[in-house]
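Commentary on secondary and tertiary structure
Residues per chain, in single letters:
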Amino acid sequence: MDQTVENQAMAPKSAPMMSESEKNAIIGGVLLSMLLAALDQTIVAPALPTIAGALGHAEYLPWIVTGYLLTATAMAPLYGKISDVYGRRPVIYAAILVFLLGSLVSALAPNMLVLVIGRAIQGAGGGGLFALAQTVIGDLVPPRERARYAAWIAGTWAVASVAGPLLGGVFAEHLHWSLIFWINLPIGFLAMAIINNPLKKLPVAAKNHRIDGLGAVLLVIATTLLLLALSWGGSAYPWFSREILGLVGCSVVFWAFFALRLLKAAEPLISLEVLGNPIVLAGTLSMFLLQAANIGASVYLPVYLQSVVGLSVSESGTAMLGLLLGTVAGATFSGRTIPRFVHYKRIAMIGVGLAIVCIGVLSAIAEHASLLEVEILTTLIGLGSGTTFPVATVSVQNAVDRAHLGVATGVLTFLRTLGGALGVAMLGAVALGYGLPLSSEGSHTHIHQASALPFVMIFVAAGATLILALITLALMPEKELRGHDEQIAPALAE
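Residues numbered from 1 in each chain as written. Predicted model: local features only at pLDDT ≥ 70, side-chain atom pairs only at ≥ 80, totals over all residues. Heavy atoms only, no water.

1. Description of the overall build of the protein chain
Keep this limit in mind: In this text, helices come from DSSP runs of H or I with a minimum length of four residues, and strands from runs of E with a minimum of two, each type numbered from the N-terminal end. When accessible area is computed with a 1.4 Å probe and restricted to protein chains, residues below 20% of their type maximum are described as buried, those above 50% as exposed, and intermediate ones as partly exposed. The criterion used for residue contact is that any of the two residues' heavy atoms lie within 4.5 Å. Only the protein chains shown count as cover for residues, and all accessible areas are computed by the Shrake-Rupley method using a 1.4 Å probe.
The helix and strand inventory of the protein chain stands at 21 helices and two strands. The proportion of buried residues among the 494 residues of the protein chain is 54%. Of the contacts made within the protein chain by residues no fewer than 6 positions apart, 83% connect residues no fewer than 24 positions apart. Accessible surface for the protein chain amounts to roughly 20600 Å². Of this, 68% is attributable to carbon and sulfur atoms.

2. A word on the nonpolar core
Stated formally: What we call a nonpolar core is a set of buried Ala, Val, Leu, Ile, Met, Phe, Trp, Tyr and Cys residues that are connected through their side-chain atoms within 4.5 Å.
Of all hydrophobic cores here, the largest spans 81 residues; its most connected members are Tyr304, Ile458, Phe459 and Leu466. Tallying contributions element by element places helix H14 (residues 278-309) first for this core, with 14 residues. One finds Leu36, Ile153, Trp177 and Ala191 within the second-largest nonpolar core, a separate group that totals 57 residues.

3. Here's the deal with the packing of aromatic side chains
Pairs of aromatic rings are described using the distance from one ring centre to the other and the angle between the two planes. Heads up, the rule is: Geometry of aromatic contacts follows a simple scheme: Phe, Tyr and Trp rings, the Trp one being its six-membered ring, pair when their centres are within 6.5 Å, and the pair is stacked under 30 degrees between planes, edge-to-face over 60, tilted otherwise.
Applying the stated criterion across every chain yields a total of six aromatic pairs. Ring geometry for Trp255 and Phe414: centres 6.3 Å apart, planes at 55°, overall tilted. Residue Trp255 is found in helix H12 (residues 242-264), and its partner Phe414 is found in helix H20 (residues 405-433); the two are separated by 159 residues along the sequence. Here Trp255 falls in the partly exposed class, since its relative accessible area comes to 24%. Taken together, the ring pairs connect Trp255, Phe258 and Phe414 into an aromatic cluster.

4. Overview of a nonpolar patch on the surface
Going by this rule: A residue counts toward a patch only above 30% relative accessible area and without a salt bridge, and it is joined to like-charged neighbours within 9 Å or, for Val, Leu, Ile, Met, Phe, Trp and Tyr, to nonpolar neighbours within 5 Å. Any carboxyl oxygen of Asp or Glu within 4 Å of a side-chain nitrogen of Lys or Arg constitutes a salt bridge here.
Side chains of Leu354, Leu372, Ile376, Leu380 and Leu383 sit close together on the surface and give an oily, nonpolar patch of about 390 Å² of accessible area. No other element matches the four residues that helix H18 (residues 371-386) contributes to the nonpolar patch. Relative to the assigned elements, Leu354 resides in helix H17 (residues 345-365).

5. Comments concerning the side chain of Ser241
Spelled out, the test is: As used in this structure description, the phrase polar contact means that two N or O atoms lie within 3.5 Å; if the pair is within protein, one of them must be able to donate a hydrogen and the other to accept it, and residues adjacent in sequence are counted only when both atoms belong to side chains.
Note that Ser241 resides in the loop between helix H11 (213-232) and H12. Under the relative-accessibility criterion, Ser241 is labelled buried at 10%. Within polar-contact distance, the side chain of Ser241 engages the backbone nitrogen of Ile244 at 3.4 Å.

6. Points about the environment of Gln291
Examined against the element boundaries, Gln291 turns out to sit in helix H14. The sequence separation of Gln291 and Ala469 amounts to 178 residues, and the corresponding C-alpha distance is 9.5 Å. Setting aside residues no more than four positions away along its own chain, Gln291 makes contact with Gly296, Phe389, Arg416, Gly419 and Gly420.

Here you go:
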């Protein structure tokens, strides 16, 4: 009883009434800001050869991608905590402005070093936009109805995945490569204008709290070292080289320091109550494993389509639409279906089960599969795996109160991104181990042999990772989704 009174005392005061049009304006604005960050993960690749020709130092081209990935991944959990303390509006404004500053630096870059710095600044803002968009939606919509907005998020990623490479290629070939960064400025300012007034009505969930600066620094260093090892392993240096082992070892040390800081700090960067919550733990881990399988497989699927199925580069890109549209359809179906089921996690379990079966079939017929068979199977893989995104997001957000919403969403975003990076590295190691020699020139990958065996093993490894994700989902407890009639939620799920 005393705990309930304490939780109610800590709950935020009621926010001013907000109309549906204001809610839709906020959601549209934050999704537009998320589009900024998503677009900049896809629009740059087609322009890399042109950028190398204009600025020189082509050997540093990978850092245009890596610099963004490092800072975006490392900063995601920090934005969640900061927004819990200071409110969503100033923090999302700060994230957009940091992203636009990085865009400006990148567009005006006179050399490759300045461009890489600009991309790192972009990532520092972009990492916040991913986490904050989902957090703001969590503020506005109760968990029982929140899943249907996952389709909007999936649609945002779909637009970025299709429009990014198209715009990047057109700008680089027919106009000027810097337009891939200039285009962010009007989109960013439009997003800020849309959300300016209605976002003022969102309450600050946790006041009189402070940010653990030391914990934040340890987290950023540990994450950066790990991502550097994953980015350089197997490409710049052999996996068991002194450099990679040193990076991994140093990362482990800083992760240990960060864990110790969580235990000792008066107010840790990530609440131990949140980390110890079984729903948060299982939900974030399942998303980590799912992204490791999905992103890793999607990176090597075009390579398979070119070297085994016999498609051209452009044809293989078009053939990826099945996987992409299947993922969006799966997320849309799951989001609309979740409110109708008490045991809503079964939707994701059935979906992941379907993806496992399909990727198993693909691995079995990889050597002689037709394009139609690959398209059907990859579409079904996307459809099945897409069901997990709404389930994991809503489960994690439903497991915590408003005061911890930003932190929980930030951790989910962080592990989702880190899982993708780890999956690419893991399946890359499998590919090299089974004789698929790759050499990178700009953004293009050249295949030197057409054996299907490396791809069979890649699909098998991705399927095994999906099995682990399914097991994690099965172990995740379920908590009844809150609705509009439950304004004050328990602090954390039991």
